[in-house]
Amino acid sequence: MTAAREDLPSGPSWEVLPDFERFSQVDDVFNRSFWDPEIATDDARRFFRSYREPLTEWRNAAGFGQRDYAIRNAAWQVVDIFAEMHDRDDLRDGFLSPLTQLRDGPEDRFDLGTPAEAAATVKLVAGTFGADLVGICGHDERWVYTERYARHADEGRPVDLPDGLTSVIVIGQAMDHDLVDTVPSALSGAATGLGYSKDVLVLLATAQWLRNLGYKAVPSLNDSALVIPQAIQAGLGEYGRHGLVITPEFGPRVRFGKIFTDAPVAHDSPISFGVTEFCESCRRCTDACPPKAIADGQPVSVKLNRSSIGGVRKWTTDGEKCFSYWGQIASDCMICIRVCPYNKDFTKRRHRIGRRLAGTRLRPVMLRLNGRLGFGKRLKPGDWWSGATRRRT
Ligand code: B12
Ligand code: SF4
Ligand code: SF4
């Protein structure tokens with residue numbers, strides 16, 4: 001594998017330091033909940049079980065009833081089918097290993113033209129297959145996990161990416177705005193499942209197209225590598241205090257996937273539209289996070305626990321605290337996305353103007369206005385089921 005060293009990321013809210021250490025997937029909190037007694041609590045077990053089998057009792061809270069879990073789990077159905085396909089062989093497609101349902105391509109390579117022409121064609125095809133966002137960066141081994149987790153064997157195994165990969169195509173999938181706004185609820189988890197299920201289609205189809213042209217292409221969802229630094233490097237957005245990428249099109253309300261390839265494509269550059277400066281004065285995510293998992297101060301390099309990467313100065317969310325809250329509510333959370341002032345519908349002109357002003361000295365005014373106008377408030381799950389939407393705001 002070759003690392004594209006010219007693509008050294010650095011930015012106002014993060015820096016890769018000399019004591020940088022690559023991360024092992026064995027240590028993320030989801031996987032720790034299978035082997036680490038500190039994380040493998042009854043709550044964590046109930047959380048995972050709730051995706052596979054009906055709960056024996058429904059929580060007596062709006063958005064956590066049978067119909068809410070039913071829609072959440074149905075939205076996960078497509079991606080679950082892929083994840084479970086090779087589970088017995090200790091591969092979980094899209095989560096612990098790349099997506100594998102692909103045919104071999106021919107030896108002959110189709111000429112995609114200049115790197116800029118090739119990149120434009122990749123974006124055209126991925127967009128046609130349903131990608132909401134597409135960016136491209138150089139392949140950088142630092143973000144590849146040192147090991148992947150094999151759940152049944154309960155051990156780390158090599159991440160077997162092929163040699164010769166030079167680029168990563170990062171795909172963004174917008175999550176449903178109204179569903180996201182119902183969080184905390186099992187209902188909002190339908191936005192997560194749907195994002196992943198749609199991702200599978202775009203990633204598989206785009207990777208198969210590249211293979212049909214004679215190139216290497218490995219479609220990857222959450223497996224194999226950290227996607228946030230690659231999405232930033234691919235110019236899809238800026239890093240926010242909540243530890244998520246904020247895109248100009250959908251704010252943080254986006255899920256990412258990626259395709260590792262050797263196709264000769266031009267790379268995009270990181271973008272800046274004032275997010276770092278805005279996050280310096282805003283704390284909406286920090287204040288709203290129930291377990292207080294989100295950073296309050298300046299970006300720092302600190303390994304909060306074994307689930308955070310070492311040697312990167314950045315805002316870091318405490319994954320242990322975050323996941324323990326998910327265990328309590330028996331569903332995934334994304335309150336930090338709901339309340340973020342960048343969680344808007346930017347097809348609306350007034351929100352595009354607001355986004356531009358948020359990148360200027362008027363940002364304190366924008367922040368106050370955002371609160372006063374009631375953005376970030378929860379959409380009641382019952383109202384969602386009655387057909388109410390936030391689309392008018
Ligand atoms: C494991 C995981 C979690 C776990 C645990 C994280 C952990 N520390 O173990 C928990 C439960 C906390 C979690 C929560 C959420 N997650 Co999550 N998660 C992941 C996953 C699968 C792996 C990340 C990982 O290995 N982290 C372990 C170490 C590296 O974490 P860390 O040091 O805290 O670093 C984090 C960030 O600082 C950043 N990062 C890491 N290295 C570097 C380097 C640089 C230079 C920079 C700038 C950033 C950066 O990425 C890490 C993300 O956890 C990724 C997909 C992927 N493969 O990247 C999705 C992912 C990051 N999650 C995502 C989302 C949306 C969420 C949630 C909103 C849940 C939801 N309902 O969707 C919350 C948000 C919590 C928050 N504010 O961060 C999205 C983010 C999309 C976006 N807009 O940026 C991703 C990319 C999944 C996807 N397919 O889209 N997640
Ligand atoms: S997902 Fe929920 S618990 Fe986790 S950091 Fe965001 S607000 Fe906090
Ligand atoms: S809520 Fe505010 S501080 Fe948090 S990421 Fe969004 S803009 Fe930044």
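Because the structure is a prediction, the values reported are computed rather than measured. (Residues numbered from 1 in each chain as written. Chains lettered and ligands numbered in written order. Predicted model: local features only at pLDDT ≥ 70, side-chain atom pairs only at ≥ 80, totals over all residues. Heavy atoms only, no water.)

By size, the foremost hydrophobic cluster in this structure holds 60 residues, and its most contacted members are Ile169, Ile171 and Leu210. With sequence-adjacent residues up to four places away left out, isoleucine 169 is seen in contact with Val122, Val134, Gly135, Ile136, Leu210, Gly257, Lys258, Ile259 and Thr261. Counting residues in hydrophobic clusters, the runner-up holds 42 residues, among them Ile232, Tyr239, Ile309 and Val312. (Core = buried A, V, L, I, M, F, W, Y, C linked by side-chain atoms within 4.5 Å. Buried < 20%, exposed > 50% of the residue type's maximum accessible area, 1.4 Å probe, protein only. Contact = heavy atoms within 4.5 Å.)

What follows is about the sheet that holds strand E7 (residues 217-220). An order of E3-E6-E10-E7 is seen for the 4 strands of this open sheet, with the pairing classed as antiparallel. For this open sheet the edge positions go to strand E3 (133-138) and E7, each flanked by a neighbour on one side alone. Across the sheet, the axes of successive neighbouring strands diverge by a mean angle of 20 degrees, strand direction being ignored. Two strands pair when backbone bridges link them, and E3 and strand E6 (residues 167-174) are joined in this way by 6 bridges, in the antiparallel orientation. For isoleucine 136, the partnering residue across the bridge sits in E6 and is isoleucine 169. The strands that helix H5 (residues 115-128) touches are E3 and E6; relative to E3, the one it contacts most, it runs at about 145 degrees. Taken strand by strand, helix H7 (residues 189-212) contacts E6, E7 and strand E10 (254-261), and its axis lies near 20 degrees from that of E10. (Pairing = 2+ DSSP bridges. Helix = DSSP H or I, 4+ residues; strand = E, 2+ residues; numbered from the N terminus. Axes fitted to C-alpha atoms, helices over the stretch in contact; angles between N-to-C directions.)

As a structural note, the neighbourhood of ligand 3 is formed by Arg241, His242, Ile246, Phe278, Cys279, Cys282, Arg284, Cys285, Cys340, Pro341 and Tyr342. When atom positions are compared with the pocket grids, ligand 3 is found to occupy the largest cavity. At the level of secondary structure, the elements contributing two or more residues to the shell around ligand 3 comprise helix H9 (275-281) and helix H10 (284-288). Classifying every residue of the shell around ligand 3 by side-chain character gives 8 nonpolar, 1 polar and 2 charged. (Near = heavy atom within 4 Å. 1 Å grid on protein atoms, 1.4 Å probe; cavity = no way out; pocket = protein on both sides within 12 Å on 5 of 7 lines; lining within 4 Å. Sits in = over half its atoms within 2 Å of the grid points. Nonpolar A, V, L, I, M, F, W, Y, C, P; charged D, E, K, R; others polar.)

Moving on, we get to H5. Between the first and last C-alpha of H5 there are 20 Å, a value that for 14 residues agrees with the 20 Å anticipated at 1.5 Å per step. Within the span of H5, buried status applies to Ala118, Ala119, Val122, Val125 and Ala126. Take H5 and look down its axis: the buried residues cluster within an arc of 130 degrees, on one side only. When the buried face of H5 is taken as reference, the exposed residues oriented beyond 90 degrees from it are Ala116, Leu124 and Thr128. Considering only its buried residues, H5 is in contact with E3, E6 and H7. Looking one or two residues beyond H5, the residue adopting positive phi is glycine 130, at roughly 120 degrees. (Expected span 1.5 Å × (residues − 1). Arc of directions from axis to C-beta.)

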